[in-house]
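# Notes for the structure review
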Amino acid sequence: MNKERFVAFATQKGGVGKSTVTALVANYVHNVMGIDVAVIDCDEPQHSIAGLRDKETALIEKNDSLKAVACEHFRKSGRKGFPIVRSNAVQALDDADSLLSEKGYRPEIVFFDLPGTINNADVVQTISKMDYIFTPIIADRVVMESSIKFATVINEQMISTGKSGIKGIYLVWNMVDGREKTELYKAYDKVCAEFALPILETYLPDSK
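On a predicted model such as this, the values are computed, not experimentally measured, just so you know.

### Notes on the packing of helix α6 (residues 141-159) against helix α7 (residues 182-194)
- Interaxial distance between α6 and α7 falls to 11 Å at its minimum, and their mutual angle equals 20°. The orientation of α6 relative to α7 falls into the category roughly parallel. Read as a crossing pair, α6 and α7 show a hand that is right-handed. Note on element contacts: α7 touches α6 through Tyr188, Val191 and Cys192, opposite Arg141, Met144 and Ile148.
- Taken together, the residues of the contact of α6 with α7 break down into five nonpolar, no polar and one charged.

Encoded structure:
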């Protein structure tokens with residue numbers, strides 16, 4: 001890549017797995033695909049992803065068995081842990097620039113775990129600087145209405161107008177219950193198509 005890519009996971013509704021998906025994708029891209037990444041955790045004040053890293057680090061430091069497993073993983077993969085920066089939607093771009101200006105580690109993809117509000121000018125500015133936005137959705141009427149509204153505003157006011165650098169926004173099914181009828185998802189897919197909102201073909205299954 002000639003330039004780092006900014007990828008955001010954003011939605012207005014909580015509880016749809018946004019932070020979980022961000023963490024899983026970042027780990028997969030970094031550890032399996034071998035692409036250097038970083039995460040800007042804007043989920044203030046809880047900072048779920050950064051908090052999880054802190055817990056994992058503390059467990060490894062206290063447990064010799066886990067420490068051995070971690071060392072073996074890093075030895076075999078040749079990969080180091082990627083940086084996770086605590087931030088917020090207003091400071092996110094500045095924090096990303098600071099990270100990218102540091103010597104040494106240079107991520108090709110920077111993932112942003114963003115809040116979904118678009119009622120703040122600073123947040124809108126941050127969202128507008130993303131290359132791609134992914135919005136996790138679940139088969140729930142309230143979630144779908146909120147997600148469609150959020151994605152439509154971004155699509156119509158930022159992407160279609162050319163007023164941002166966003167190359168695309170995509171919805172992605174998360175927490176898919178295999179017992180639910182396929183027709184339900186087809187119906188929601190049809191509604192999203194009417195709003196010109198693409199949905200990824202990949203379904204992320206519900207798992208506890």
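Back to the text.
### Thoughts on the packing of aromatic side chains
- This structure, assessed with the given rule, holds eight aromatic pairs.
- On the numbers, 5.7 Å between centres and 25° between planes, the contact of phenylalanine 134 with tyrosine 170 is stacked. Separated by 36 residues along the polypeptide, phenylalanine 134 in strand β5 (residues 132-137) and tyrosine 170 in strand β6 (residues 168-176) bring together distant segments of the chain.
- Given a relative accessible area of 18%, phenylalanine 134 falls into the buried group.
- What links up through ring pairs into an aromatic cluster is the set Phe9, Phe111, Phe134 and Tyr170.
- One cation-aromatic arrangement involves lysine 3 over phenylalanine 6; the distance from NZ or CZ to the ring centre is 5.6 Å.
- Above the face of the phenylalanine 82 ring, arginine 53 is positioned so that its terminal group lies 5.1 Å from the ring centre.

What counts and how
Residues numbered from 1 in each chain as written. Predicted model: local features only at pLDDT ≥ 70, side-chain atom pairs only at ≥ 80, totals over all residues. Heavy atoms only, no water. Axes fitted to C-alpha atoms, helices over the stretch in contact; angles between N-to-C directions. Helix = DSSP H or I, 4+ residues; strand = E, 2+ residues; numbered from the N terminus. Parallel < 35°, antiparallel > 145°, perpendicular 65-115°, else oblique. Left-handed = near helix turned anticlockwise from the far one by under 90°. Contact = heavy atoms within 4.5 Å. Nonpolar A, V, L, I, M, F, W, Y, C, P; charged D, E, K, R; others polar. Phe/Tyr/Trp six-rings, centres within 6.5 Å; stacked < 30°, edge-to-face > 60°. Buried < 20%, exposed > 50% of the residue type's maximum accessible area, 1.4 Å probe, protein only. Lys NZ or Arg CZ within 6 Å of the ring centre and 35° of its normal.

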